[in-house]
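As a plain string of letters, each chain reads:
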Amino acid sequence: MSGMALEVRHLMKRFGGLQVANDVSMSLETGARHALIGPNGAGKSTLVGLISGTIRPNAGSVRLFGEEVTDAGPARRTKLGLVRTFQITSLFSKLTVLENLYLAVSEQRGESLTMWRPAAKRGETLARAEALLAQFRLTEFANRSVSELAYGQQRLVEIALALALQPKVLLLDEPAAGIPGGETKLLMDAIEALPADISVLMIEHDMSLVRRFARDATLLVHGAVAATGAINELMESETVREVYLGKAAAARTVRHA
């Protein structure tokens, strides 16, 4: 078995005449904290779709822990440990926070959603759901419907749901999108507290959050990998400056450094 948690090799995807993934290769080691960055339209969401199985590539391969999953759908990849949170919050808004987590834990445990399960099984599932509430500081909101929560709290519930599925590789799709600044710290604290053995790939526009979270990063531009490496080195590179500031501004930055 491969030592890598996730391996993407030479992925290609075309929508009509538009090449949205162009020979993309990247990998995540076990326990990685990796950021996928790039301007709007760079192909980040497409790449996440290719990795998670919601989009099929025209060429290339995706492997999870050495197993070929290029032709596998999202359900198979989830069973192997790949879990994705979505940029657009997709929760059962009329259910309570606890009910959402209980359903997620039940799914992970392969339990039928029926009240005829043995009481001990229900108790174990409930205990796991309550532990997740505590981990994400959501216990006081347990019996409130998701629709009543602030947006930042909903994002915390979304990450808790992802963790309920016991991921080995977690794709965080713009976790801070739409969250008021005052709620960002709570979100980042929760992300930083994720188990160390989970490989995490974060797609995020906020560079201050990227710097805080990531050890490594990949820069995507026009569907292709423009640069990859340690986060501190990448952020100081001329390539990243040009992408985010433009060539003229990047040149001025270098001259005045």
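None of these values were measured; they are calculated from a predicted model. (Residues numbered from 1 in each chain as written. Predicted model: local features only at pLDDT ≥ 70, side-chain atom pairs only at ≥ 80, totals over all residues. Heavy atoms only, no water.)

1. Side note on helix α1 (residues 44–52)
With respect to burial, α1 is a largely interior element, eight of its nine residues being buried. Where α1 is concerned, the buried positions are Lys44, Thr46, Leu47, Val48, Gly49, Leu50, Ile51 and Ser52. Once α1 ends, the next one or two residues include Gly53, with phi positive near 100 degrees. (Buried < 20%, exposed > 50% of the residue type's maximum accessible area, 1.4 Å probe, protein only. Helix = DSSP H or I, 4+ residues; strand = E, 2+ residues; numbered from the N terminus.)

2. Observations concerning the nonpolar core
One broad trend across soluble globular proteins is that nonpolar side chains are buried collectively. Val97, Leu101, Phe136, Leu170, Ile191 and Val210 are the most contacted members of the largest nonpolar core, which has 51 residues in total. Those residues in contact with Ile191 that lie beyond four places of it in its chain are Ile159, Leu172, Pro175, Met202 and Phe213. Core analysis: the next-biggest nonpolar cluster, separate from the first, contains 28 residues, Ala42, Leu47, Val62 and Leu80 among them. (Core = buried A, V, L, I, M, F, W, Y, C linked by side-chain atoms within 4.5 Å. Contact = heavy atoms within 4.5 Å.)

3. Some points on the sheet that holds strand β2 (residues 18–29)
Across the sheet, four strands lie side by side as β2-β1-β4-β5; this open sheet has antiparallel pairing. Each of the sheet's edge strands pairs with one partner strand only, and the pair in question is β2 and β5 (67–68). Here strand β4 (residues 59–64) pairs with β5 via two bridges, running antiparallel. The partner of Leu64 across the bridge, within β5, is Glu67. (Pairing = 2+ DSSP bridges.)

4. Digging into the pairing of strand β7 (residues 169–173)
Among the five residues in β7, five count as buried, and that is most of the element. Alternating residues of β7 divide into Val169, Leu171 and Asp173 and Leu170 and Leu172, and every residue in both groups is buried. Here four bridges tie strand β6 (residues 82–85) to β7, and the two strands are oriented parallel to one another. Bridged to Thr85 within β7 is Leu172. Of the strand pairs in this sheet, β7 and strand β8 (residues 199–203) are connected by five bridges, and their pairing is parallel. Following the sheet pairing, Leu171 is matched in β8 by Leu201. Tracing the backbone out of β7, into helix α6 (residues 181–192) and back to the parallel element β8 gives a crossover that is right-handed. (Right-handed = clockwise from strand over helix to strand, strands pointing away.)

5. So, the environment of Ile203
Topologically, Ile203 is positioned in strand β8. Using a relative accessible area of 1% as the deciding quantity, one classes Ile203 as buried. Considered as a pair, Ile203 and Ser45 are 158 residues apart in the sequence and their alpha carbons are 8.2 Å apart. Every residue in contact with Ile203, bar those within four places of it in the chain, is listed here: Leu36, Lys44, Val48, Leu172, Asp173, Glu174 and Pro175.

6. Some points on the packing of aromatic side chains
By the definition in use, this model includes zero aromatic pairs. Looking at Lys168, its charged tip hangs above the ring of Phe65, at a distance of 5.6 Å from the centre. (Phe/Tyr/Trp six-rings, centres within 6.5 Å; stacked < 30°, edge-to-face > 60°. Lys NZ or Arg CZ within 6 Å of the ring centre and 35° of its normal.)

So, to be careful, I would describe these as geometric facts and stop short of saying anything about function.
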